Amino acid sequence: MPVEERVGAVFAAAGAQARLHAVAIGPGPSVPNGPPGRAGSPDGADGRGSPDGAGSAGRAAVAIGADEPVVLASVFKVLLVLEFARQVAAGQLDPRERVWVTADDRLGGWGTAGCLDDIGVSLRDLAHFAMSVSDNSAADLLLARVGTDTVRLLAEELGLHRTRILGGPRQLLETMLAEVGARDEREFAAVYPSLTAERLRGLSVLDPERTSASTPREITRLLELIWRDEAGPPEACAQVRELMGRQVFRHRLVSGFPDEVRVAAKTGTLPGLHAEAGVVHYPDGGRYAVAVFARTGDPVTNRTAVDSAIGAAARIAVEALREGRG
């Protein structure tokens, strides 16, 4: 069975659809060419494996809707932290600069976003929390410091022309509040259970045409540039790689691979949207960038089957690349 069909079956069993791109980015087993649009083949031109203008044309890839727009959610934090690391490397920011996280900054959730009291942290700790536990308050404060426009310019500089950053987590939250008529997070939480699935699906934060978005192919390209030290100074790229390796969540990409395979990644989650992008490291030196964006029919945030499907699909794609089959 072609790898695309196998991946599609995995997500269908989990009640989801997905867009995926996986490509080898480093030393590993040689991969012969195969039929167009399948693993082991040069990227084709049908949307499942179309040429990558950023430089991956002619290399083996698994591409399923890889050029379709997808909602980034917290995957955008990779680009954010990369810009922070570049500014540090350029001497524009002191990573030890202290920032206060106050009640006005807290959005709830992991890290500083869920603290009960005001705390002072360094900029580099904000980057750590944003990547390791997807801390939304940390991401907002870091974005305010490095500049939203600068992050957008970075995407353009790297050739990610279909990647759009509208703002940070608070901007997304404020958009949701306005669209459901809630005054604050507490009122939104009270209103949320009464919203119909159709109303939730209509929220702009779930529409890649109206929120921060990219494509799976552009996200793997971003990862490739970081892993090749081509997204900025080597020390900046190394910092992003190290922080992605600290992510604590192991229920998506990591779940699909054996313990000896290392995964450095970043998740993204919104109601009905489950995503993760990262680099899979095999003991033999093979490195594979994988981006998976899954969407369910019902807008809920906790679907264990979908999370597991992301890991299973990623392994199917990577193993197909390693074995040259499609």
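Above this text sits the structure in question.
Counting from 1, residues in each chain are numbered in the order their sequence is written. Two thresholds apply to this predicted model, a pLDDT of at least 70 for residue-level local features and 80 or more for giving and counting side-chain atom pairs, whereas whole-chain, interface and lining totals are computed over all residues. The basis for the side-chain values is all heavy atoms of the structure; hydrogens and waters are excluded.

(A) Structural detail: helix H11 (residues 304-323). Labels follow the DSSP assignment, with helices taken as runs of H or I lasting at least four residues and strands as runs of E lasting at least two, numbered in each case from the N terminus. A helix is expected to span 1.5 Å for every residue after the first. Across its 20 residues, H11 extends 29 Å between first and last C-alpha, which sits within 8% of the 28 Å expected from 1.5 Å per residue. Looking one or two residues beyond H11, the residue adopting positive phi is glycine 324, at roughly 70°.

(B) Broad picture of the sheet that holds strand S8 (residues 273-281). In spatial order, the strands read S2-S1-S9-S8-S7; together these five strands make up an open sheet with antiparallel pairing. Each edge of the open sheet carries a strand with a single partner, namely strand S2 (61-64) and strand S7 (262-270). Averaged over all pairs of adjacent strands, the angle between their axes in this sheet comes to 15°, without regard to strand direction. Strand pairing is defined by DSSP finding a minimum of two bridges between the two strands. As paired elements, S8 and strand S9 (residues 287-296) share nine bridges and run antiparallel to each other. Considered in S9, the bridge of valine 279 is made with alanine 289. By definition, residues are in contact when any of their heavy atoms lie within 4.5 Å. Geometry is summarised by axes, namely lines fitted to C-alpha atoms with helices restricted to the contacting stretch, and by angles between N-to-C directions that run from 0 to 180 degrees. Its contacts with the sheet place helix H10 (residues 234-244) against S7 and S8, and it is angled at close to 75° to S7.

(C) Fine view of the packing of aromatic side chains. Ring pairs are drawn from Phe, Tyr and Trp, using the six-membered ring of Trp, whenever the two centres fall within 6.5 Å, and their geometry is named by plane angle: stacked under 30 degrees, edge-to-face over 60, tilted for the rest. Under the definition given, this model contains four aromatic pairs. When the centroid spacing of 5.7 Å and the interplanar angle of 50° are considered together, the rings of phenylalanine 188 and tyrosine 192 count as tilted. Partly exposed residues are those whose accessible area sits between 20% and 50% of the maximum for their type, while under 20% is buried and over 50% is exposed, using a 1.4 Å probe and protein chains only. Note on phenylalanine 188: relative accessible area 11%, which makes it buried. A relative accessible area of 23% means that tyrosine 192 is categorised as partly exposed. Geometrically, the ring pair formed by phenylalanine 257 and tyrosine 282 is edge-to-face, given 6.4 Å between the ring centres and 85° between the ring planes. Of this pair, phenylalanine 257 sits in the loop between H10 and S7 while tyrosine 282 sits in the loop between S8 and S9, and the two are 25 residues apart along the sequence.

(D) How the structure looks around the environment of glutamate 230. With respect to the helices and strands, the residue glutamate 230 is situated in the loop between helix H9 (216-227) and H10. For the pair glutamate 230 and leucine 158, spaced 72 residues apart in the sequence, the C-alpha separation amounts to 8.9 Å. Look past the residues within four positions of glutamate 230 in its chain and what remains in contact with it is Leu158, Leu225 and Cys237.

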